[in-house]
Amino acid sequence: MTGKADPRAGEGTTSRTRLDRGRGALGPALELVHTGRAPTRAVLTAELGVTRATAGAVAAELEALGLIRVDARPGAAAGSQGRPSHRLTVAEDGPVALAAQVHSDGFRAALVGLGGRIVATAPGCEVVDADPAKVLGSVVETGAELLRETGRRCVGAGLAVPSAVAEPEGLALNPLHLAWPAGAPVRRIFAEQVRAAGIEGPAFAANDVNLAALAEHRHGAGRGARDLLCVATGHRGVGGALVLDGRLHSGSSGLALEVGHLTVNPEGGPCHCGSRGCLDVETDPLAFLTAAGREPGPEVSLLQQSNDLIRDHYTDPAVRTATETLIDRLGLGLAGLVNILNPDRIILGGLHRSLLDADAERLRAVVADRSLWGQSGGVPILPCGLDHNSLVGAAELAWQPVLDDPLGASA
């Protein structure tokens, strides 16, 4: 006997399909809110390519997980018509990632929420021990204390180090400005210290400039760029990173973009890599202080001494000449990178940002004169926009599993 089809069966199938589609969209939706690209439910609907009902279900589930907030009654903008779309923001009281950064002058720990927002931060020692386990133990304990003080749930931990980090082992191959042994297994040591401190979640480690570029691309001056080149000098040395089509390019084993070892002054000083006149020794803070005829002092970092000198004494002929010399050498290196990589944006950090601020026209002219792209309008060169961008990038490593699978990570 043939009976009539139950109309509720189709409704159930549709509901399950919508639910499955919505769950598959949780990660992309969270990333859109995390990076500020979906400030409203209407934008989220368009970006995901789903129905308004599905977008609403996705937003509601992310809110139930404590990751975002949905404002169903936002105020209408002046002059607008109709009911405004629900406003989406990251949860300010939500979970955090533990971020850590080690450099030649010490370390810093921070708690970073979604959206790249630093919730709490604390500096550490001024002298970095030659034993990476001691240093990483101290930085993790500092982070654990921040977690205890804030009472936040932690999704994981990320570490930024001034060294190329080889994959998949997580080895710091060349911590040149630290006394650590070459090839130190920093990821394993960091993960052990995180577990020993009772901190839940996975632990990661990567090069500090790579992480700065990742943070700037998601939350700072690199947002919206497709092919982003980041070059920066911190406390010592020079690093580079490239984001291609929205993803960090680390090469076959994590060692891509060692731009510090481009030769920009063939008659220059010896570099740790065995060559001479590399960006690493020609455009870092020590090189600047030396060119300006200043003796580095022990009171503050070399980076701060250099930035202060440019800011407060740029009219001094020796300081101005040193600034112009470093700008010319930096521009030469950037032009070579532009010719090879063809980025659509360059961002500069650390001392290089101060050089750009001091004489942007000179730096852009050097790059334009030395690169093919300069003859067709040039590539935008901008300062990095985030404070502590390497820390924010380290947190991005820990947030990535949550962005990939919010349900699984929360479980």
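Position numbers for residues count from 1 along each chain, tracking the sequence in the order it is written. pLDDT decides what is reported in this predicted model: residues at 70 or higher carry local features, side-chain atom pairs at 80 or more are listed and counted, and totals for whole chains, interfaces and linings draw on all residues regardless. With hydrogens and water excluded, all non-hydrogen atoms of the structure serve as input to the side-chain values.

**So, the environment of V367**
So, step 1. Under the DSSP-based scheme used, a helix requires at least four consecutive residues in state H or I and a strand at least two consecutive residues in state E, with every element numbered from the N terminus. As for its position among the elements, V367 is in helix α13 (residues 360-370).
So, step 2. Accessibility here uses a 1.4 Å probe with only protein chains present; expressed as a share of the type maximum, an area under 20% marks a residue as buried, one over 50% as exposed, and anything in between as partly exposed. Looking at V367, the relative accessible area reads 3%, which means it is buried.
So, step 3. Along the primary structure V367 and I118 are separated by 249 residues, whereas in three dimensions their C-alpha atoms are 34 Å apart.
So, step 4. Residues contacting V367, with those up to four places away along its chain left out, are G331, L334, A335, V338 and I381. Whether two residues are in contact is decided by their heavy atoms, any of which lying within 4.5 Å being enough.

**A short note on helix α3 (residues 41-48)**
So, step 1. Listed in full, the buried residues belonging to α3 are R41, L44, T45 and L48. Buried residues of α3, seen end-on, are gathered within an arc of 100° and therefore sit on one face of the element.
So, step 2. For α3, the secondary structure elements touched by its buried residues are α2 (26-34), α4 (52-64) and β2 (87-90).
So, step 3. One or two residues past the end of α3 sits G49, with phi positive at roughly 70°. In this context, the arc is that of the directions from the helix axis out to the C-beta atoms.

**Some details on the environment of K134**
So, step 1. Counting through the fold element by element, K134 comes out in helix α5 (residues 132-150).
So, step 2. Of the residues examined, K134 reaches a relative accessible area of 51% and is grouped as exposed.
So, step 3. As for K134 and S410, which are separated by 276 residues in sequence, their C-alpha atoms are 31 Å apart.

**Re the nonpolar core**
So, step 1. The criterion is simple. A nonpolar core is a set of buried Ala, Val, Leu, Ile, Met, Phe, Trp, Tyr and Cys residues joined through side-chain atoms within 4.5 Å. Among the nonpolar cores identified, the biggest contains 35 residues, and V231, F288, L330, L334, I346, L348 and L363 are the most heavily contacted of them.
So, step 2. For this core, the secondary structure elements donating two or more residues are β10 (227-233), α9 (285-291), α10 (302-313), α11 (317-341), β13 (345-350), α12 (351-358) and α13.
So, step 3. The dominant element in this core, judged by the number of residues it contributes, is α11, at eight residues.
So, step 4. If near-sequence neighbours (up to four positions away) are discounted, V231 is found in contact with V238, G239, G240, V259, L330, L334, L337, I347, L348, G349 and H352.

**Notes on the domain arrangement of the protein**
So, step 1. With domains assigned, the protein is organised as domain 1 (24-74 + 84-90), domain 2 (96-210 + 390-404) and domain 3 (223-385).
So, step 2. Domain start and end points were adopted from an automatic or database domain assignment. Relative to domain 3, the C-alpha centre of domain 1 lies at a distance of 39 Å.

**Brief notes about the pattern of salt bridges**
So, step 1. What makes a salt bridge here is a side-chain nitrogen of Lys or Arg within 4 Å of a carboxyl oxygen of Asp or Glu, nothing more. Tallied over the entire structure, the rule returns 15 salt bridges.
So, step 2. With a closest N to O distance of 3.4 Å, D245 and R226 form a salt bridge. On the criterion of sequence distance, the pair formed by D245 in the loop between β11 (239-244) and β12 (247-249) and R226 in the loop between α7 (208-219) and β10 is long-range, its members being 19 residues apart.
So, step 3. For D245, a relative accessible area of 55% puts it in the exposed group.

**Focus on the pairing of strand β9 (residues 203-207)**
So, step 1. Across the five residues of β9, four count as buried, placing the element largely inside the fold.
So, step 2. Two strands are said to pair when DSSP picks up at least two bridges between them. The pairing of strand β6 (residues 154-161) with β9 spans five bridges and is parallel. Considered in β9, the bridge of A157 is made with A203.

**Examining helix α6 (residues 186-196)**
Residue pairs spaced three or four apart in an α-helix point in one direction, given the helix's 3.6 residues per turn.
So, step 1. Those residues of α6 not exposed but buried are V186, R187, I189, F190, A191 and V194.
So, step 2. Buried residues belonging to α6 abut β3 (96-103), α5, β6, β7 (165-166), β8 (171-172) and β9.
So, step 3. Following α6 by one or two positions, G198 has its phi on the positive side, about 75°.

**Side note on the sheet that holds β11**
So, step 1. The sheet built from five strands is open, its strands ordered β12-β11-β10-β13-β14 with mixed pairing. Pairing within the sheet leaves two strands with one partner each, and these edge strands are β12 and β14 (381-383). Strand-to-strand twist in this sheet, taken as the mean axis angle between neighbours without regard to direction, amounts to 30°. Angles here are taken between N-to-C directions and fall from 0 to 180 degrees, while the axes themselves are lines fitted to C-alpha atoms, restricted in helices to the stretch in contact.

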